[in-house]
Structures are given as structure tokens and as C-alpha cells.
Amino acid sequence: MTDWTGSLSLELEDRNGKTVAKRVYFQGAFKVMRPIYTDDSGQVCYYLLNPGGGYLDGDRYKMDISADEGSKVTLTTQSATKVYKTPKNYAYQETVIRLKKGSYLEYLPDPLIAYQNAHYKQKTVVHIERGATFLYTDILTPGWSPNGEKFTYDTVQLMTEIYWDGKLGVFDHIKLMPQQQTISGLGFMEGYTHLGSMIAVSEQTEPEYLDELYEAIRSEESDFSFGISHLAIPGFCIRIQANATQTIERIFNQCHTIISKKWNHRPPSSLRKY
Amino acid sequence: MNNQLLSLFQLCDSNFPTGAFSHSFGLESYIQENKVHNQETFFEWLKVYLHEQLVYSDGLASRLVYEALMNDDLQQIWHLDHLLTIQNLPRETREGTQMIGDRMLKLTETIYGLSILSQYREEIKKKNAFGHPAIVFSMVAHGLSVTKQDTILYYLYSAISSQVQNAVRAVPLGQTAGQTISHQFIPELSQAVDRIIELTKDDFGIVSPGIELSQMKHERVNIRIFMS
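Participant: I'm lost on the overall build of chain A in this one. Help?
Facilitator: Of regular secondary structure, chain A possesses two helices and 17 strands. On C-alpha atoms alone, chain A measures out to a radius of gyration of 18 Å, which is about the 19 Å that the 2.2 N^0.38 rule sets for 274 residues. For chain A, the spread of C-alpha atoms along the three principal axes comes to 55 × 45 × 35 Å. Per-residue burial for chain A yields a buried fraction of 60% across its 274 residues. Within chain A, counting contacts between residues at least 6 apart in sequence, those at least 24 apart form 73% of the total. As presented, chain A carries roughly 11,200 Å² of accessible surface, and 47% of it is formed by carbon and sulfur atoms. If the 29 positive side-chain charges of chain A are averaged to one point and the 32 negative ones to another, these points end up 6 Å apart.

Participant: What exactly am I supposed to notice about the overall build of chain B here?
Facilitator: Assigned secondary structure in chain B consists of 11 helices and one strand. Listed by position from the N terminus, the elements making up chain B come as α-α-α-α-α-α-α-α-α-α-β-α. The C-alpha atoms of chain B give 17 Å as radius of gyration, which agrees with the globular expectation for 228 residues (17 Å, within 12%). In terms of overall dimensions, chain B has a C-alpha envelope of 45 × 35 × 35 Å along the principal axes. Burial statistics for chain B: of 228 residues in total, 61% are counted as buried. For chain B, contacts bridging at least 24 residues in sequence account for 79% of all contacts bridging at least 6. Between the centroid of the 18 positive side chains of chain B and the centroid of its 25 negative side chains there is a distance of 7 Å.

Participant: Teacher, can you tell me more about the environment of Leu-27 of chain B here?
Facilitator: Residues and elements named next belong to chain B. Looking at where Leu-27 falls in the secondary structure, it is placed in helix H2 (residues 27-32). For the pair Leu-27 and Lys-127, spaced 100 residues apart in the sequence, the C-alpha separation amounts to 30 Å. Filtering out sequence-adjacent residues up to four positions away, Leu-27 remains in contact with Val-36, Phe-42, Trp-45, Gln-163 and Ala-167.

Participant: For this particular structure, what's the right way to read the pairing of strand E4 (residues 44-49) of chain A?
Facilitator: Along a regular strand, successive side chains alternate from one face of the sheet to the other. Residue and element names in this part refer to chain A. Taking burial as the measure, the six residues of E4 include six buried ones, the bulk of the element. Side chains Val-44, Tyr-46 and Leu-48 of E4 all project onto a buried face; the interleaved residues Cys-45, Tyr-47 and Leu-49 project onto the opposite face, where all are buried too. Sheet analysis places strand E3 (residues 31-32) next to E4, joined by two bridges and oriented antiparallel. Its bridge partner being in E4, Val-32 is matched across the sheet by Leu-48.

Participant: How should I be thinking about the side chain of Thr-124 of chain A in this particular structure?
Facilitator: Structurally, the position occupied by Thr-124 of chain A is in strand E11 (residues 119-128). Classification of Thr-124 of chain A by relative accessible area gives buried; the value is 2%.

Participant: How should the sheet that holds strand E14 (residues 167-176) of chain A be read in this particular structure?
Facilitator: Hydrogen bonds along the backbone pair up the strands of a sheet, which may run parallel or antiparallel. Spatially, the eight strands line up as an open sheet ordered E2(A)-E1(A)-E5(A)-E8(A)-E11(A)-E13(A)-E14(A)-E1(B), and their pairing is mixed. Each edge of the open sheet carries a strand with a single partner, namely strand E2 (18-28) of chain A together with strand E1 (206-207) of chain B. For E14 of chain A and E1 of chain B, the ladder comprises two bridges, and the chain directions are parallel. Directly across from His-173 of chain A, in E1 of chain B, lies its bridge partner Ile-206 of chain B.

Participant: Is there a simple way to explain the nonpolar core in this structure?
Facilitator: Across soluble globular proteins, nonpolar side chains show a tendency to be buried alongside one another. Grouped together as the largest cluster of nonpolar side chains are 80 residues, with contacts concentrated most on Phe-42, Trp-45 and Leu-156 of chain B. Of all the elements, helix H3 (residues 39-70) of chain B adds the most residues to this core, at 16 residues. Excluding its chain neighbours within four sequence positions, the residues that come into contact with Trp-45 of chain B are Leu-186 of chain A together with Ser-24, Phe-25, Leu-27, Tyr-30, Val-36, Gln-163 and Ile-211 of chain B. Tyr-136, Ile-199 and Ile-233 of chain A together with Met-216 of chain B belong to the second-largest nonpolar core, a separate cluster that totals 52 residues.

Quick notes on the rules
Residues numbered from 1 in each chain as written. Chains lettered and ligands numbered in written order. Predicted model: local features only at pLDDT ≥ 70, side-chain atom pairs only at ≥ 80, totals over all residues. Heavy atoms only, no water. Helix = DSSP H or I, 4+ residues; strand = E, 2+ residues; numbered from the N terminus. Rg over C-alpha atoms; globule rule 2.2 N^0.38 Å. Buried < 20%, exposed > 50% of the residue type's maximum accessible area, 1.4 Å probe, protein only. Contact = heavy atoms within 4.5 Å. Areas by Shrake-Rupley, 256 points an atom, 1.4 Å probe, with all protein chains shown as cover. Lys, Arg positive; Asp, Glu negative; His and termini not counted. Charge placed at Lys NZ, Arg CZ, Asp CG, Glu CD. Pairing = 2+ DSSP bridges. Core = buried A, V, L, I, M, F, W, Y, C linked by side-chain atoms within 4.5 Å.

Given below as C-alpha cells:
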């Protein structure tokens, strides 16, 4: 697994109230754009990008991110992650994120679009020290096929492990295999097409926050289904089933705004894309 | 062997007072949304619950715990206890399962007096473990020299039969319908065991999105018969 199609490493630190990169390194089909500061909070935003435009058969991507004490960072992608058909070997992405105490890191990638016969596997491991704050979202679409048919991909597997204070605190494993499962049926997507997940870890998580988020999500008017729950460590997760990426994005933006005001006493910076 | 099997059957009985009958693991959300409303729709739910959730969590853990017991690898058991608990993202089912595990452990420790059960209790006391019914069950079955396959099969049977009893009360279904479902479900259980034997550690904890969502939703259900 040492032969990476693309790899990226980014180490961030706080320098007099401004978060800067201590070290940036990328090679192959993985790239990070120049840092963007959208307000005077010192929080930096990095856009990750895949110059090849998508993941191909057997591609292997690796990303290492670390946030030192007091650093504040937003990581996002420039556009959706596309996985093309993988006739021989699945495409794989491995991400390791480390948060030192007092750091804030949000990783908000665009949706995943798996094409017909694509097999994609993703492993995300996050190490969080006490006193750090982490926010993560992902959106799974029903993929893309030439005739517009949904769920024509082979497999999409997402594994997320979050270590909190050195101990595994969250283990999330989603594996959708539409050709082998009754994907739209009871227990799976329940007639919906898109699946969104949000995981937030912070010692500043009060039970009332969940009530407030719950009420805010409920006021959204489109057709969707959702759940929100406390993690076994300080923090919460939200899952949403809907019929459009935009619905999930709208809900996550709303939650992001609420939670940002609680945690950072300011609204999140807007991520301008396209 | 017959006496030992009978001894394990006591634990499979849905009347065994672990409190499992107070937990629907999301079934109640489906009933309230009218997605589960009769024998056929309940059977459908039960299949997904078994093949897409229990197999990858409790079922696979039961096998791995049994194997760890054969190798005297207690660390692996405490690790599985941890994994089983934290992979359960909905708080209500996570805490509910822990309560069932705890009660089952107290009872079985008194009845069977196996030293491994006392060790498990110690680990929980020291906060090194949470307590999980699949682990307690596998410890007892292993202690009674029941085979690995049968251990998994009987565990799944006990988990499924409590859900059938719950459905009889909550859907509601007639007693005959409940018994018919339990009978028709036997091949599903054997199939699940065969699948569990073939799985690898990498398959651990795969969730079925809809089932999980129904478990999270239940936390916000106001009028309820079940605790989860």
C-alpha cells in the first residue's frame, strides 16, 4: 500500500492568532490549494482537489492532516468526489486526522458520486485530544449511470474511527452494495436516495444543543427522514435520508451555523465553490 | 450434554428476566410510522434486523468471543465489548443493550457461577468494559461446552424470539402469528450463522442505515411501550 496514486500531508499550527501551515506536502493526483482566510478569526480554509477529476480503477489516496494546539481549520473539497468504474480493483482513500488540545478542525467534503460498477472504500481515522473540537460531514449520492438509473455502483464502504483521548470512541461502518441488497427497501434507504452523516465531537456538547438542532432540522420542509443522538464520547451524530444533495446540505449548513455559534461564538465562514 | 443444553435454553427463553422485552431496537418507530403493521411487514423487518444488523454486530462478536475464549485471549474479549458498544451510535439502543448485558451478567453469574463471568463483572466495575448480552451469552455457552456454531445460533434465536414477543404485543399480532413467524424464521437463523462463520473482522459493525435511523428516531418518540 506504499504506492499511492496521490498523497497529501498538511500540518497546521497557530501563529499569533492566525492558523498557518507548518508543513505542506502533496504528490501525484492529490492537491491542496492556497490557504483562504474568509474573516478575521484566524481560521484557515483549505480546498482539497483531485486534478485527475475522479478516482479510477485501483487508485489509492492518502491524506494526513494535523492541527496543533490552538489552530483552527476548515477542510473541504473543490467539487464532488467521483469514483469511476473499477473493473479490476477498488478505489481507496485513507485519511488520518490528528487534533491537539484546543484545536478546531472541520472536514466538510462534497458528496460522493460512485459511477456504474464502481467499488470504493474509504477509511477515516481521527485522533482527538481532550479539549479539541471536530466536525465531520459526508453525503452519499445514489451515484451516476448513463441511463439515469440510480444505485448502479457495486460497493461504497465508509469506515470511520474516532479516538478520543487515546481510546476508540466512535466506530461507524457503512457498506452499501446495491446489487446485493434491497437498497430502497425497509431497513436500508427506505425509498430515499441520499444519505448524509454528521459527526461532532466536543466537550462543549450540552443536551439542550441536541434539542435545538432537532427542532431546527424538523422545521426544514422537504421530504426527508433523520435521527440525532449522543455519541458514547462527548458529541453527537446526525443521519439524514433525503432525495437530493441540496436538502442534506441545507440541513447541515443550518446545524453548522447553530453549533458554530455555540462553540466559536460566530457563524461559520461560507464555502464559496464553483 | 443434554443437561447442559437445557441449561442454556433457560437463557434463550424470552421470559429470562434481562429486560430485553422492554427494548424494540427501533421496531416501535416502524410500527408508529405504520411501516410494520402485520405479519408480512414484521417478517420483512425481522429479516433485515437479523441479516443486516445482528449478523455484523452481535452475531460476529459472539463468534469472535467464542474463539477468544478458546485461545484464553481475554484482552480480545474486552476489546470486542468496547467495539460492540461504541459502534452502536444511537444512544438509546447503546445504553439499553448495556443494561440488558448487565442484568444478564448478574443473573448468569449467580446461576452458572463461571469464573469468566466474574472476571467480566470485574472489568465492568473497573470501567474497562461496558457489558453486552452477546458476550455474556457466548461466555455461558462456551462454559457449558456448547459448540461455536450452536452458540451463535442460540444467541440469535434468543434475540429474535424477544423481538417476536415484542411484535405480538406491539403490532399487535396474534399468538399463532407469533409462533408461525418463529417457526418460519428457523432457516433464516441457520443462514445467518453460515454467513457469520464466513465473515472477517473487517466486516464488523456494518450498519443498515434505515434500521439505525429508526433507533435514533425512537429517542424522540413521546408515547411509547418500549425503552428503545
